[in-house]
Amino acid sequence: MRHFLRDDDLTPEEFEAVLDRALELKSDPYAAKPFAGPQTVAMIFDKPTLRTQASFAVAISDLGGNPMLVDGNLAMIGVRESIADTARVLGRMTSAIVWRTGDQARIDEMAQCAGVPVVNALTDQFHPCQGLADLLTVREHKGALAGLTLTMVGDTASNMGHTYLLSGALAGMHVRLSGPDGFQPLPDVFARATEIAAATGGSVTWVSDPRDAVSGADAVATDTWVSMGKEDEAAHRLAKFHPWQLDSRLLSEAAPDAIVLHCLPAYRGKEITAEVIDGPQSVVFDEAGNRLHAQKAILSKLMEWR
């Protein structure tokens, strides 16, 4: 049984094949019907969502299936009922499970017990579907991914920091991360990305100075400085992160034709300025739209590979 719980659940070849499938389905939206019947796919959301819920619901419908929304606040998975028991129930009623939750261990346990493919729609540690959408967007705007430089500035200890490390390494990109001391990615994720990059011709680097990190980059990404569940740290974070704000001055260090990524929601005037996110180099809303095609691609491939 194949799952997509973190970016490196795919090999480099599989990662490229998923992006290929995404482009195919973007040009021919109803070409694949792995959930014809319609088969039902459970979508569980323990955290706030807009793009993830919308893109998965449309993706499952376009793939011939029935998206079943499970309210995480009502299900209280792991509180009212164990994760294992929930997985065994849903696995007997659905063809796949999509879950947006907290700690990665929760979705790992779901996958161990479900008996159907499980897709990570965001955990505290990884956001692999967003990684697919982001690199799909870079590929559309820049062509082949291998050899390109992708820089993330800001909270690189976040799920997006980990996802950029792994997904960029899988694609053979040169990934640079930059943020304040104390907000580096997990050492084991950095080590895993380094291992992958050694095989794909890419690289992963921590750069303390944001200007050096952005210098010559083909794509520059940022994300909120205050992720879900970190709201009580907001004042401390805002004070520390200001030098890593993606403004026009910092962006000017990148390649002249660099593109700007942000997975949204964005907070203009904090991690990114309005002139950048709403400016000509921003591909943020292309990126958001590509969530649909990325979700369709990974779901259809998992149904092939299971």
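Residues numbered from 1 in each chain as written. Predicted model: local features only at pLDDT ≥ 70, side-chain atom pairs only at ≥ 80, totals over all residues. Heavy atoms only, no water.

1. Quick notes on the overall build of the protein chain
Alright, step 1. When helices and strands are counted, the protein chain shows 13 helices and nine strands.
Alright, step 2. Computed over the C-alpha atoms, the radius of gyration of the protein chain is 19 Å, within 12% of the 19 Å expected from 2.2 N^0.38 for a compact globule of 306 residues.
Alright, step 3. For the protein chain, the C-alpha atoms occupy an extent of roughly 55 × 40 × 35 Å along the three principal directions.
Alright, step 4. Out of the 306 residues in the protein chain, the part that is buried amounts to 56%.
Alright, step 5. Restricting the contact set of the protein chain to residue pairs at least 6 apart, pairs at least 24 apart contribute 76%.
Alright, step 6. For the protein chain, the computed accessible surface area is about 12,000 Å², with 52% contributed by carbon and sulfur atoms.
Alright, step 7. Both charge centroids of the protein chain, one from 27 positive and one from 40 negative side chains, sit 4 Å from each other. (Helix = DSSP H or I, 4+ residues; strand = E, 2+ residues; numbered from the N terminus. Rg over C-alpha atoms; globule rule 2.2 N^0.38 Å. Buried < 20%, exposed > 50% of the residue type's maximum accessible area, 1.4 Å probe, protein only. Contact = heavy atoms within 4.5 Å. Areas by Shrake-Rupley, 256 points an atom, 1.4 Å probe, with all protein chains shown as cover. Lys, Arg positive; Asp, Glu negative; His and termini not counted. Charge placed at Lys NZ, Arg CZ, Asp CG, Glu CD.)

2. Focus: the layout of surface pockets
Alright, step 1. Quantified by volume, the second largest pocket comes out at close to 220 Å³.
Alright, step 2. Along the wall of the second largest pocket there are 13 residues; nearest its centre are Glu16, Leu145, Ala146, Leu170 and Ala171.
Alright, step 3. The biggest single contributor to the lining of the second largest pocket is helix α1 (residues 12-27), with five residues.
Alright, step 4. Taken together, the residues of the lining of the second largest pocket break down into eight nonpolar, two polar and three charged. (1 Å grid on protein atoms, 1.4 Å probe; cavity = no way out; pocket = protein on both sides within 12 Å on 5 of 7 lines; lining within 4 Å. Points joined across faces, edges and corners; volume = space filled by probe spheres on them. Nonpolar A, V, L, I, M, F, W, Y, C, P; charged D, E, K, R; others polar.)

3. A few points about the packing of α1 against helix α13 (residues 284-305)
Alright, step 1. At a closest axis distance of 8 Å, the pairing of α1 and α13 adopts a crossing angle of 120 degrees. Regarding the angle of α1 to α13, the classification is oblique. Between α1 and α13 lies a crossing of right-handed hand. Residues Glu14, Ala17, Val18, Arg21, Ala22, Leu25 and Lys26 of α1 pack against Asn290, His293, Ala294, Lys296, Ala297, Ile298, Ser300, Lys301, Glu304 and Trp305 of α13.
Alright, step 2. A class-by-class count of the residues in the contact of α1 with α13 yields eight nonpolar, three polar and six charged. (Axes fitted to C-alpha atoms, helices over the stretch in contact; angles between N-to-C directions. Parallel < 35°, antiparallel > 145°, perpendicular 65-115°, else oblique. Left-handed = near helix turned anticlockwise from the far one by under 90°.)

4. Considering the environment of Pro128
Alright, step 1. Following the sequence through the fold, Pro128 ends up in helix α6 (residues 128-142).
Alright, step 2. According to the relative accessible area criterion, Pro128 is buried, its value standing at 0%.
Alright, step 3. As a C-alpha pair, Pro128 and Val204 span 76 residues in sequence and 17 Å in three-dimensional space.
Alright, step 4. Those residues in contact with Pro128, other than ones at most four positions away along the chain, are Phe4, Leu5, Arg6, Asp7, Asn120 and Thr163.

5. Here's the deal with the sheet that holds strand β9 (residues 259-262)
Alright, step 1. The sheet built from five strands is open, its strands ordered β7-β6-β5-β8-β9 with parallel pairing. The open sheet terminates on both sides in strands that have one partner only, identified here as β7 (203-206) and β9. Within the sheet, the average angular offset between the axes of one strand and its neighbour, ignoring direction, is 20 degrees. (Pairing = 2+ DSSP bridges.)

6. Concerning the environment of Arg176
Alright, step 1. Tracing the sequence through the fold places Arg176 in strand β6 (residues 174-178).
Alright, step 2. Here Arg176 is in contact with Thr149, Leu150, Thr151, Met152, Thr205, Val207, Asp212, Ala213, Val214, Ser215 and Ala217, once residues within four sequence places are set aside.
Alright, step 3. Engagement of the side chain of Arg176 in a polar contact is seen with the backbone oxygen of Ala213, the distance being 2.9 Å.
Alright, step 4. A distance of 2.7 Å separates a polar atom in the side chain of Arg176 from the backbone oxygen of Ser215. (Polar contact = N/O pair within 3.5 Å; in protein donor to acceptor, adjacent residues only side chain to side chain.)

7. So, unusual backbone geometry
Alright, step 1. Cis rather than trans, the peptide bond between Gly37 and Pro38 has omega equal to 0 degrees.
Alright, step 2. Mapped onto the elements, Pro38 comes out in the loop between α1 and β1 (40-45).
Alright, step 3. With a phi angle near 50 degrees, Met76 is a residue other than glycine that sits in the positive phi range.
Alright, step 4. With respect to the element layout, Met76 can be found in the loop between α3 (72-75) and α4 (83-91).

8. Side note on the pattern of salt bridges
Alright, step 1. Inspection of the entire model under this criterion finds 16 salt bridges.
Alright, step 2. Ionic pairing is found between Arg21 and Glu24, a salt bridge with its closest N-O pair at 3.5 Å. Residue Arg21 and its partner Glu24 are located together in helix α1, separated by three residues, close to a single helical turn.
Alright, step 3. The class of Arg21 is buried, set by a relative accessible area of 13%.
Alright, step 4. The partner of Arg21 in a salt bridge is Glu304, with the nearest N and O atoms 2.7 Å apart. (Salt bridge = Lys/Arg side-chain N within 4 Å of Asp/Glu carboxyl O.)

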